[in-house]
Amino acid sequence: MNKRIFQLLTILLLSVFSIGSFAQINRTLKTKVADVLAQMPTKDLAHRDKAMNEILEMGPEGFQKLTALLTPPNVGDDTAVRFALNSFARYASQFGKCEARAFAEDNILKALKEQKDAEVKTFLLNQLNLVASEKTIPEISGYLTDEKLCEPATQTLLSLEMKVVAKEFIAALPQVKGKTLATLVRALGEVKCEGSISQITPLINADQQWMQKTALAALANIGAPASYKPLLKAAETVGFKYEATNAAEAFLNYTNRLGEQNEIELMKKACKTVFKANTAANLLHNYSTALAIYTKYLGYQATPLLLDAVENSNKPFRYSVLNLAEKIGGVADTRTWTAKASSVNSEVAADIISMLGRRGDKLATGFVSGSLNSTSAVVREEAVIALGQLQGTEAIPALVAHLAKGNDIEATKTVLNQLLDKNHLASVATQLDKTSGKTKAAVIEIIAAKAGSAYFTEILAATSSNNADEKAAAFSALKSISTQNNLDELIKLLLSVSDENEITKVQSAVVAATNGVVTEQQKDGKLFSALNSTNKKERIITILPEIGGDVALETVTNYFNTSTGSVKGAAFEALISWKDYSASKSLYEICKTSKGDYQQKAFSSFARMVRSANLPDDQKLLQYRKIMPFAASNDDKNRVISSIGNLKTFLSLNYLEQFLGEKELEAAAARSIMKIALPGNNQKNGFSGDIVRNILTKAESLIIGEDSQYDKIKIKKYLDEMPKSEGFVSMFNGKNLDGWKGLVGNPISRAKMNEKELATKQAEADKLVPENWSVKDGKIVFSGKGHNLCSVKDYADFEMIVDWLITKEGDSGLYLRGTPQVQIWDNSRVDVGAQVGSGGLYNNNKDNVRDPLLVADNPIDDWNTFRITMIGENVTVYLNGELVVDNVKMDNYWDRN
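Not measured: the values here are computed from a predicted model.

**Q** Is there a simple way to think about the pairing of strand β6 (residues 811-816) in this case?
**A** Moving residue by residue along a regular strand, the side chains alternate between the two faces of the sheet. In this sheet, strand β7 (residues 819-825) lies alongside β6 in antiparallel orientation, the contact comprising 5 bridges. Residue pairing in the sheet places Leu-816 in a bridge with Thr-819 of β7. In sequence, β6 turns back onto β7 through a hairpin of 2 residues, with Arg-817 there showing a positive phi of about 55 degrees.

Listed below in structure tokens is the structure:
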């Protein structure tokens, strides 16, 4: 495609110099064609409509130039051309686009005459489907005898939905054979052309089965009475079985067409023929289809046939019969079916009762209600369900009475659960004192299903029952019926039972009763009071993760730190099961101070909490970095590395680079680096720059696993297209203070110094640097006293990322362009106002913003991350991923004026 267009434009350019003004007009038209193609595919509907109008404005000549660019398969790339033409045909086919539709039809027909390749013509005919009118018929009828074009031409004619096209198909029939003949036969069937029967009928005896199938289907679609005998004969010849010609299906379709055409008597005859010939088990689907046709056109007249058929032993067939009966209805019909149910075996009777229930005919209520007393369990169960369907809530008294007898417990319980609500349980609850065993258990389960808290006392009493069913149901029900008012009884029960399953059930009930109760998250809550006084502390400690809150977390942490044995174990299990990120601090301390199983499980739970926490990516990375030294295995490390792959930050890339040289970790690190560096689905958040390029290049060679070759190609492509900008650069080499110097004065005082004086002062300041600034373990460390450290380079607009950590009562900051300062301090120092948090522009005037928007500091001795952007005099600061300064002007501290 590209080569062809290039050649076209080259010829056009040469023509400008040799043919004059006519060539200029011609060039403009070709340019318009090229402009339209350059827009394919369009971005949205508005863009599409604009481009389609451009095609319309080009007129017939332009449209023909567009169609002239169509090429046969494997000859050039005409994708954009086809996209444009298809879009135009769809656009023109819209309601109200009469001018565009006529334009499209005329010009596609013209293009059809010009094109020679069959595939290209097929494409054009397919577009014509969308815009053709009666005008198209004589233009394309000649293609019906063309073996390659018959199919698309037929589809175009059929798209017109006009009876007149039938004569074109009939006229072409004698001139074709094989698949082309089959196409025309199929088309005549679709337009239901009775005039073609004499030509199609002989084809049902063709040598090829596919031709027989096509002819039979066409005759069935046409549905003429004259086709009855040949279609029946074909079906009978194959014994109404499924085979290649689909003769049985054709006869059934034909039967339905007879009904559509009001040929009722012949339709009835056909149905009865099917009934008689299809009683074998493997042919009942035909019988069922014929019954559906009979019922569709004759309604209640089909009932006698359905009554006979329903006694068939084949259950799926019986269901199909009753599904048909369900749609008929009427007083007489219902009486007929209830009478039938009384005379058949219990299985069939149950199926009939089910149908009557689905039908919703209340006339059947008496019969269904009486069926509750049947000696057959299957009849009673269906009667229970049907009574609920027929009477709704009015059925409740009868169903409760039925349940009280102990019959059909599961079915009755299911229906009552559908009919009852929390406020109407009294009729069921009265059975608590009147029933026992499985029946009472079912009553308890119904009350529990509707959260019947009003019956807590009665169900609590059942937890002491000697009957296993009652007792199990009562314990299971507690979770659903317990409220805050029941806490005393629940705690007492929790501390008295001994069965492990019962303990678990009561614990769930306690959790449900305390859900949302603020007082139960306080130290003086009933649960914490019981915990302090019991010797079965594990039972309460275990559920504290569900209770949640600061008191619960502090309590569990203290028990872990001060207890031994099972209490310590329960506290640990509670901590690693905590529902939110709040337990991470306790788990981190366990990682630091413990070994073995405690450390490994605490590590995994800490990592899980970080992964699921609603934290900014910068903060998550800090937490992963903090916990990583305590990983007990490479598997643990790889899980963290994989999790970091979900953090779209530059520092995540930077951190993961260190693992590319470790054999057991480098594959996971490489894949995470790829996920971070490459753009996401929006294609807008990829990373670039020299550091990224180097890290990603290393990672590319280490990608392994399924789809690794595809991933390597993606990385290489991204690297090839990556902008050449330097990106982030490191201000610190991790080894020494190269690139840093002592700070001399301030911007104003320095500006007043001559070159020699400034050099002298700088030398003096540089000598003082080692007294309080050093590099240790890859960090720049300040002693806490002394002078400031300054970058050698000056910076204009910039984005800066810096990790920092301070000790207790620390107070520091970052000067931007030599101007104080983005504040860093221990926010516990309320005496100096540090409670506002770090990140604010501390030295701004009071009439400007100086405090951060929120406190986002990590605890003292934990690392923090600043992302600072300075454009002009305005500063934006993110602390640990939280926006704390939002595009605020930084005051000139050195000259307030």
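Additional details are given in the paragraphs that follow.
**Q** Honestly, the environment of Lys-32 in this entry has me stumped. Any pointers?
**A** Mapped onto the fold, Lys-32 is located in helix α2 (residues 21-38). For Lys-32, a relative accessible area of 41% puts it in the partly exposed group. A C-alpha to C-alpha distance of 70 Å links Lys-32 and Thr-807, two positions 775 residues apart in sequence.

**Q** Would you mind showing me how to read the environment of Ser-582 here?
**A** For Ser-582, the position within the fold is in the loop between α35 (565-576) and α36 (584-593). At 3.3 Å, the side chain of Ser-582 and the side chain of Trp-578 are in polar contact. Looking at Ser-582, its side chain comes within polar contact range of the side chain of Asp-580, at 2.3 Å.

**Q** Any chance you could explain the nonpolar core here in plain terms?
**A** Generally speaking, nonpolar side chains in soluble globular proteins are found buried as a group. Membership of the largest hydrophobic core comes to 242 residues, with the highest contact counts inside it found for Phe-169, Phe-251, Trp-337 and Leu-544. Phe-798, Ile-806, Met-870 and Val-888 belong to the second largest nonpolar core, which has 20 residues in total.

**Q** So what exactly am I meant to see when it comes to the pattern of salt bridges here?
**A** Between side chains of opposite charge, a pair can form when the charged atoms approach closely. Evaluated as defined, the whole model comprises 35 salt bridges. Here Arg-48 ties to Asp-49 by a salt bridge, and the two come within 2.8 Å at their closest N and O atoms. The partner of Arg-82 in a salt bridge is Asp-78, with the nearest N and O atoms 2.9 Å apart. For the pair shown, Arg-82 and Asp-78 are each scored as buried. One network of salt bridges, with partners in common, ties together Lys-315, Arg-318, Glu-347 and Asp-351.

**Q** Is there a simple way to think about the environment of Leu-203 in this case?
**A** Relative to the helices and strands, Leu-203 is located in the loop between α11 (197-200) and α12 (209-222). Among the residues examined, Leu-203 registers a relative accessible area of 17% and is labelled buried. Sequence separation of Leu-203 and Lys-213 is 10 residues, and the distance between their C-alpha atoms is 9.2 Å. Those residues in contact with Leu-203, other than ones at most four positions away along the chain, are Leu-181, Val-185, Met-211, Gln-212 and Ala-215.

**Q** Even after reading the chapter, I still don't get the state of the cysteines, so can you show me in this structure?
**A** Here, disulfide denotes a covalent bond that connects the sulfur atoms of two cysteines. One pass over the structure, following the stated rule, counts 0 disulfides. Free of any disulfide, Cys-150 has its nearest cysteine sulfur in Cys-193, 15 Å distant.

**Q** What is the right way to read helix α41 (residues 666-677) from this model?
**A** Structural remark: α-helix, 3.6 residues per turn; residues separated by three or four positions point the same way. The end-to-end C-alpha separation of α41 is 16 Å, in line with the 16 Å expected for 12 residues at 1.5 Å each. Along α41, the positions that sit buried rather than exposed are Glu-666, Ala-668, Ala-669, Ala-670, Ser-672, Ile-673, Met-674, Ile-676 and Ala-677. The elements touched by buried residues of α41 are α39 (634-644), α40 (650-656), α42 (690-700) and α43 (708-721).

**Q** Help me out: how do you make sense of the side chain of Arg-318 in this one?
**A** Mapping Arg-318 onto the fold places it in helix α18 (residues 315-326). Among the residues examined, Arg-318 registers a relative accessible area of 1% and is labelled buried. Side-chain polar atoms of Arg-318 contact the backbone oxygen of Asn-312, separated by 2.9 Å. Those residues in contact with Arg-318 that sit more than four places away from it in its chain are Val-310, Asn-312, Ser-313, Glu-347, Val-348 and Asp-351.

About the thresholds
Residues numbered from 1 in each chain as written. Predicted model: local features only at pLDDT ≥ 70, side-chain atom pairs only at ≥ 80, totals over all residues. Heavy atoms only, no water. Pairing = 2+ DSSP bridges. Helix = DSSP H or I, 4+ residues; strand = E, 2+ residues; numbered from the N terminus. Buried < 20%, exposed > 50% of the residue type's maximum accessible area, 1.4 Å probe, protein only. Polar contact = N/O pair within 3.5 Å; in protein donor to acceptor, adjacent residues only side chain to side chain. Core = buried A, V, L, I, M, F, W, Y, C linked by side-chain atoms within 4.5 Å. Salt bridge = Lys/Arg side-chain N within 4 Å of Asp/Glu carboxyl O. Contact = heavy atoms within 4.5 Å. Disulfide = S-S within 2.5 Å. Expected span 1.5 Å × (residues − 1).

Functional significance is not addressed by these values, which are geometric in nature.
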